[in-house]
Amino acid sequence: MSAVEARLAELGLRLPGVVPPLAAYQPAVQSGVYVYTSGQLPMVDGKLPVTGKVGAEVTPEEAKELARTCALNALAAVKSVAGDLDRVARVVKVVGFVASASDFTGQPAVLNGASELLGAVFGDKGVHARSAVGVAVLPLDAPVEVELQVELTSA
């Protein structure tokens, strides 16, 4: 077990399997020392646990937990390309999309679910730049979607 996966276990978490693509794309690709993930939905065992808009059908607290699940799914996609999460030199950028009710403005707090997880797992290497974007709708009526860019060490 890698040190990163051991840290996840200490946090009471496990790395899930890679979520299969919903369309014509790869879950993650490597270019040079960077891995870019596709947007990851908060899928658990092949299903969305919750659907709807944050600030309407989904509470901000639920959405924050869903963002954490998205980040775990993104880490699984990174591992599928990198082979070992211990190769992550730095989480460079997180982009998060929040399907938002028209008056909801708490997107940054929702995306803290992903950011806080990455910080807890990677420490200083998990500190990253981030965008938190409110959108009208996401695939499958998901409340949250997260993508990562990470830098790898050499193999």
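So, a few notes on the structure that sits alongside this text.

1. Side note on the environment of V78
- Looking at the element boundaries, V78 is found in helix α2 (residues 60–82).
- Distance from V78 to Q149, taken between C-alpha atoms, is 8.9 Å for residues 71 residues apart in sequence.
- Apart from residues lying up to four places away in sequence, V78 is in contact with A28, V35, T37, G83, L85, V88 and V150.

2. Let's talk about the packing of α2 against helix α3 (residues 107–122)
- The N-to-C vectors of α2 and α3 enclose an angle of 45°; their axes lie 7 Å apart at closest approach. Comparing the axis directions of α2 and α3 gives the class oblique. Judged by the twist between their axes, the crossing of α2 over α3 is right-handed. Each of P60, A63, K64, A67, R68, A71, L72 and L75 in α2 lies in contact with α3, whose residues at this interface are A109, V110, L111, N112, G113, A114, E116, L117, L118 and F122.
- By residue class, the composition of the contact of α2 with α3 is 13 nonpolar, two polar and three charged.

3. Digging into the packing of aromatic side chains
- The final tally for this structure, using the stated rule, is one aromatic pair.
- Measuring from centroid to centroid gives 6.4 Å for Y34 and Y36, while their planes differ by 45°, and the two rings are tilted.
- Given a relative accessible area of 36%, Y36 falls into the partly exposed group.

4. Observations regarding the pattern of salt bridges
- Scanning the model with the defined rule gives four salt bridges in all.
- Note that K79 is salt-bridged to E5, the shortest N-O span being 3.0 Å. Here K79, found in helix α2, pairs with E5, found in helix α1 (residues 3–10); they are 74 residues apart in sequence, far enough to count as distant.
- One salt bridge in this structure joins K53 and D141, with 3.3 Å as the shortest N-O distance. Note that K53 is positioned in the loop between β2 (34–37) and α2 and D141 in the loop between β4 (129–135) and β5 (144–152), a separation of 88 residues in sequence.
- On the accessibility criterion, D141 (30% relative accessible area) is partly exposed.

5. Description of unusual backbone geometry
- One non-glycine residue, D45, adopts positive backbone phi at about 55°.
- Along the chain, the position of D45 falls in the loop between β2 and α2.
- One non-glycine residue, D141, adopts positive backbone phi at about 65°.

About the thresholds
Residues numbered from 1 in each chain as written. Predicted model: local features only at pLDDT ≥ 70, side-chain atom pairs only at ≥ 80, totals over all residues. Heavy atoms only, no water. Helix = DSSP H or I, 4+ residues; strand = E, 2+ residues; numbered from the N terminus. Contact = heavy atoms within 4.5 Å. Axes fitted to C-alpha atoms, helices over the stretch in contact; angles between N-to-C directions. Parallel < 35°, antiparallel > 145°, perpendicular 65-115°, else oblique. Left-handed = near helix turned anticlockwise from the far one by under 90°. Nonpolar A, V, L, I, M, F, W, Y, C, P; charged D, E, K, R; others polar. Phe/Tyr/Trp six-rings, centres within 6.5 Å; stacked < 30°, edge-to-face > 60°. Buried < 20%, exposed > 50% of the residue type's maximum accessible area, 1.4 Å probe, protein only. Salt bridge = Lys/Arg side-chain N within 4 Å of Asp/Glu carboxyl O.

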